[in-house]
Amino acid sequence: MASQGRSLSFSSDDNGQSNFRGKLLTIDSKLGSQDVEALKFLCRDCIAHKELEKASSASDIFDHLLAEEQLSEEDSFFLAELLYLIKQKSLLRYLSQTKEQVESLLPTRGRVSLFRKLLYELSESISSDNLKNMIFLQGDSIPKIQMTSLSFLAYLERQGQIDEDNLKLLEDLCRRVVPNLVRKIEKYKREKASQAPPTRVVDKELVSLPQGEEETFPCYNVEPLLEALPEAGVYRMNRKHRGHCVVVNNHSFTSMDDRPGTDKDAEHLKHVFEWLGFSVCVYNNVTKGRLDEVLQEYKCHPGHADGDCFVFCVLSHGKYGAIYSSDEFLVPIQEIMSHFTAQKCPSLAHKPKLFFIQACQGEEIQPPVYIEADAVNPEHVAPSLRKSIPNEADFLLGLATVPGYLALRHVENGSWYIQSLCNHLKSLVPRNEDILSILTAVNHDVSQKADSKGKWKQMPQPAFTLLKKLVFPVPPERL
């Protein structure tokens, strides 16, 4: 039965926008309750679970997509993709699209993941009797509530029993109840594997710190975490372009000291990431207002859909868990990163998002004249670095220093951390090293540096929620 009595929330939009919302309302009226459930399931990667739970109509879902700028009159392809997948192709005419047009654009513009499409396709082939048998096999682990095949699969996913890299439970259930569905799972595995370059073995010498050396700060080595990654696959790096790299380079401030040497860092970052295939934009002396504009621009950037990855670098003064804009507003690192979650930036869902921060995270010192610290107004309690990362997958945060300490910058040659990062990307990407191996080599390199008197040391630290190895393809020419 089609939904009744539902309406999209209208505002004082112009006639064109109101007309578009009218078309959405017409689409809503032609969708039944099963269609709405299917839309909710297919949008699980781009709308927060709590919001989906409250959605009772297609118009509720459309409202969220409009609010998050994932749907607009100018770009309605995501909705066209959803209607195509739920086999409501006749409704594409309200979006001025045809089935053939959508099919031709899906390989490059499709947002729904292979995993999500697999589960939806499986759900359509699981009859009510099949579902009862699957629930029976799961015993008491499944709540005694009315379930559809979609809600059953969604429950398994929420409980962490299945995900895009772990389908063993689902494969076992299908093999015992609906054996012909196993072929769909095997096809998914082949397609997923074809999107990623082959996995390689980590060179242990490159990620190990020397034995017996005394360190000024405790060393945060990611090697134990690398051990868990080889079976997780490799992020896809074969789309139309590598992605966008943003560099926020703050040299001058309202009242704080200038940061001489930072332009050398910005120049080096631009050079290296362009070499890696990124489109790089450098923003100098960025105010809080301008930073908000840049974040909004890249949150909604259409280029993410065809890109492999996203990189955001900040060179500035800082304090615990935050950086300063050039007009001296303190901006939490987590606030910057939160713009690029799967909910707010669905075109970057399941893609690696890398953030590199050259800013102190601790107490200011008085170093020799050619070494400066990027610390301002330090606090006395350091938060966990992990708290700066959004609580979802595919993020990496690289800080120039562990919380509580300063980050050093040479007034002519640039900062220890950024220069080491760029140099190791140049030398190790051609050797097919993954990003965590490279950052561990950066840790090693920076930890061995010291000022001319051997008094000050520095230890960078990465934190991440990456689910796979990130290996940049070897550029055609070395720098």
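Predicted model only: the values in this text are computed from it and were never measured.

### Brief notes about the side chain of Ser149
Checked against the element boundaries, Ser149 lands in helix α9 (residues 149-158). Of the polar contacts made by the side chain of Ser149, one reaches the backbone oxygen of Ser123; its length is 3.0 Å.

### Observations concerning the environment of Pro462
Along the chain, Pro462 turns up in strand β12 (residues 461-464). For the pair Pro462 and Leu439, spaced 23 residues apart in the sequence, the C-alpha separation amounts to 7.3 Å.

### Overview of the packing of aromatic side chains
One pass over the structure, following the stated rule, counts 11 aromatic pairs. Plain terms: the ring middles of Phe310 and Phe355 are 6.3 Å apart, the flat faces sit at 75 degrees to each other, and that makes the pair edge-to-face. Within this pair, whereas Phe310 is found in strand β3 (residues 307-315), its partner Phe355 is found in strand β7 (residues 353-358), the two being separated by 45 residues in sequence. Among the aromatic side chains, those forming a connected cluster through ring pairs are Tyr298, Phe310, Phe312, Phe340, Phe355 and Phe395. When the ring centre of Phe41 is taken as origin, the NZ or CZ atom of Arg116, which lies over that ring, is 5.1 Å away.

### Some thoughts on the pattern of salt bridges
The full count for this structure, using the stated rule, is 21 salt bridges. The shortest N-O distance in the salt bridge between Lys189 and Glu171 comes to 2.8 Å. With Lys189 in helix α11 (residues 182-194) and Glu171 in helix α10 (residues 168-177), this pair connects stretches of sequence that are 18 residues apart.

### Some remarks on the pairing of strand β2 (residues 278-284)
As judged from the 7 bridges shared by strand β1 (residues 241-249) and β2, these two strands associate in the parallel manner. Opposite Val248, over in β2, you have Tyr283 as the bridge partner. Each parallel crossover has a hand, and the one from β1 via helix α14 (residues 262-275) to β2 is right-handed.

### Remarks on the side chain of His424
Note on placement: His424 falls in helix α17 (residues 416-428). Its relative accessible area of 16% is what places His424 among the buried residues. Excluding residues within four positions of it along the chain, His424 makes contact with Val429, Ile438, Ala441, Val442 and Asp445.

### Quick notes on the confidence of the model for the protein chain
Any segment with low pLDDT has predicted coordinates that should not be analysed in fine detail. Mean pLDDT for the protein chain: 80, with 76% of residues reaching 70 or above. Counting contacts from residues 1-14, a segment whose pLDDT is below 50, to residues more than four positions away or on other chains yields 31 contacts. Under a pLDDT of 50 for its full length, residues 376-386 has, in the predicted model, 30 contacts with residues more than four places off or in other chains.

### Examining α11
Look at α11: 19 Å from first C-alpha to last across 13 residues, which is about the 18 Å you get at 1.5 Å a residue. Along α11, the residues classified as buried are Val182, Ile185, Tyr188 and Lys192. Burial along α11 is one-sided: seen end-on, the buried residues are contained in an arc of 115 degrees. Along α11, exposed side chains directed more than 90 degrees from the buried face belong to Arg183, Arg190 and Ser194. Residues of α11 that are buried make contact with α7 (114-125) and α10.

### A short note on the pairing of strand β9 (residues 395-399)
Most of β9 is tucked away: 5 of the 5 residues are buried. Of the two faces of β9, the one carrying Phe395, Leu397 and Leu399 and the one carrying Leu396 and Gly398 are both buried. In this structure, β7 lies alongside β9, joined through 5 bridges in parallel fashion. In the sheet register, Phe356 faces β9, and the bridge partner there is Gly398.

### So, unusual backbone geometry
At Glu69, a position not held by glycine, the phi torsion is positive, near 60 degrees. By the secondary structure assignment, Glu69 is in the loop between α4 (58-67) and α5 (77-85). When its relative accessible area of 46% is taken as the criterion, Glu69 is described as partly exposed. If you check the backbone angles, Lys87 has positive phi at about 65 degrees while not being a glycine. Structurally, Lys87 is set in the loop between α5 and α6 (99-109).

### Let's talk about the state of the cysteines
Tallied over the full model, the rule gives 0 disulfides. Here Cys300 stays unpaired: no disulfide links it, and the sulfur of Cys345, its closest cysteine neighbor, is 7.5 Å away. Residue Cys300 is classed as partly exposed on the basis of its relative accessible area, which comes to 31%. Counting only cysteine sulfurs, Cys245 is the nearest neighbor of Cys313, a cysteine outside any disulfide, at a range of 4.4 Å. Under the relative-accessibility criterion, Cys313 is labelled buried at 0%.

### Topic: the sheet that holds strand β4 (residues 318-319)
With antiparallel pairing, 3 strands are arranged side by side in an open sheet as β4-β5-β6. Edge positions in the sheet fall to β4 and β6 (330-332), since each has one partner strand and no second. By the bridge criterion, 2 bridges tie β4 to strand β5 (residues 322-324) in an arrangement that is antiparallel. Bridging across to β5, Gly318 finds its partner in Ile323.

The rules we used
- Residues numbered from 1 in each chain as written.
- Predicted model: local features only at pLDDT ≥ 70, side-chain atom pairs only at ≥ 80, totals over all residues.
- Heavy atoms only, no water.
- Helix = DSSP H or I, 4+ residues; strand = E, 2+ residues; numbered from the N terminus.
- Polar contact = N/O pair within 3.5 Å; in protein donor to acceptor, adjacent residues only side chain to side chain.
- Phe/Tyr/Trp six-rings, centres within 6.5 Å; stacked < 30°, edge-to-face > 60°.
- Lys NZ or Arg CZ within 6 Å of the ring centre and 35° of its normal.
- Salt bridge = Lys/Arg side-chain N within 4 Å of Asp/Glu carboxyl O.
- Pairing = 2+ DSSP bridges.
- Right-handed = clockwise from strand over helix to strand, strands pointing away.
- Buried < 20%, exposed > 50% of the residue type's maximum accessible area, 1.4 Å probe, protein only.
- Contact = heavy atoms within 4.5 Å.
- pLDDT = per-residue confidence, 0-100.
- Expected span 1.5 Å × (residues − 1).
- Arc of directions from axis to C-beta.
- Disulfide = S-S within 2.5 Å.

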